[in-house]
Amino acid sequence: SAAASTSSTHTSKRERRLQSQVKHLATLISQQHEANKKELEEKLAKQEHDLTVLHKKQLQEEIQKMQVRQMTQLEQQQQFYESREKEREAKEKQLEQQRTTTAQVQDT
């Protein structure tokens, strides 16, 4: 009977030690899981940030390209209208000279 009692005390001590180790391992696993989760969340946040920065950069580049195209178009239009205006002025001068010449011929 004494041997059985010693054996059961020995078993319960061993069980308590094993339960304590299991709890400790469970705590370590849980902590590691949280650390991994936090690290992954931080990596994801950084990637999202990098993506946002990249997207903004691309948008800015597109806007700049559009602005350059618009400025080029405006300059071309302005040059076109200026050349048309010069042509019109030249024609007016020519007509004025013809009128003057015609009037001189009629006067004589």
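Our subject is the structure listed above.
Reference entry: report on the structure contained in this document. (Residues numbered from 1 in each chain as written. Predicted model: local features only at pLDDT ≥ 70, side-chain atom pairs only at ≥ 80, totals over all residues. Heavy atoms only, no water.)

When you go through the protein chain residue by residue, the secondary structure sums to one helix and zero strands. For a compact globule of 108 residues, the expected C-alpha radius of gyration is about 13 Å, and the protein chain comes in at 46 Å, more than 25% above that figure. Oriented by its inertia axes, the alpha-carbon framework of the protein chain measures out at about 160 × 10 × 5 Å. In the protein chain, buried positions account for 0% of the 108 residues. Of the roughly 10700 Å² of accessible surface on the protein chain, 54% is carried by carbon and sulfur atoms. Side-chain charges in the protein chain split into 19 positive and 17 negative, and the spacing between the mean points of these groups amounts to 16 Å. (Helix = DSSP H or I, 4+ residues; strand = E, 2+ residues; numbered from the N terminus. Rg over C-alpha atoms; globule rule 2.2 N^0.38 Å. Buried < 20%, exposed > 50% of the residue type's maximum accessible area, 1.4 Å probe, protein only. Areas by Shrake-Rupley, 256 points an atom, 1.4 Å probe, with all protein chains shown as cover. Lys, Arg positive; Asp, Glu negative; His and termini not counted. Charge placed at Lys NZ, Arg CZ, Asp CG, Glu CD.)

Moving on: the pattern of salt bridges. Any two side chains of opposite charge can pair, given that their charged atoms come close. Applying the stated criterion across every chain yields a total of six salt bridges. Residue Arg 88 pairs with Glu 92 through a salt bridge whose shortest N-O separation is 2.4 Å. In this pair, Arg 88 and Glu 92 are both assigned in helix α1 (residues 2-107), four residues apart and thus about one turn of the helix distant. Glu 92 sits in the partly exposed class, given a relative accessible area of 47%. Residues participating in the shared-partner salt-bridge network are Glu 85, Arg 88 and Glu 92. (Salt bridge = Lys/Arg side-chain N within 4 Å of Asp/Glu carboxyl O.)

Another point: the packing of aromatic side chains. Across all of its chains, the model carries one aromatic pair by this definition. Ring geometry for Phe 80 versus Tyr 81: centroids 5.5 Å apart, planes at 65°, classification edge-to-face. For Phe 80, a relative accessible area of 43% puts it in the partly exposed group. Since its relative accessible area comes to 57%, Tyr 81 is described here as exposed. (Phe/Tyr/Trp six-rings, centres within 6.5 Å; stacked < 30°, edge-to-face > 60°.)

As a further point, take a nonpolar patch on the surface. A cluster of nonpolar side chains, Leu 25, Leu 28 and Ile 29, forms an exposed patch at the surface whose accessible area comes to about 300 Å². Topologically, Leu 25 is positioned in helix α1. (Patch = residues over 30% accessible without salt bridge, like charges linked within 9 Å, V, L, I, M, F, W, Y side chains within 5 Å.)

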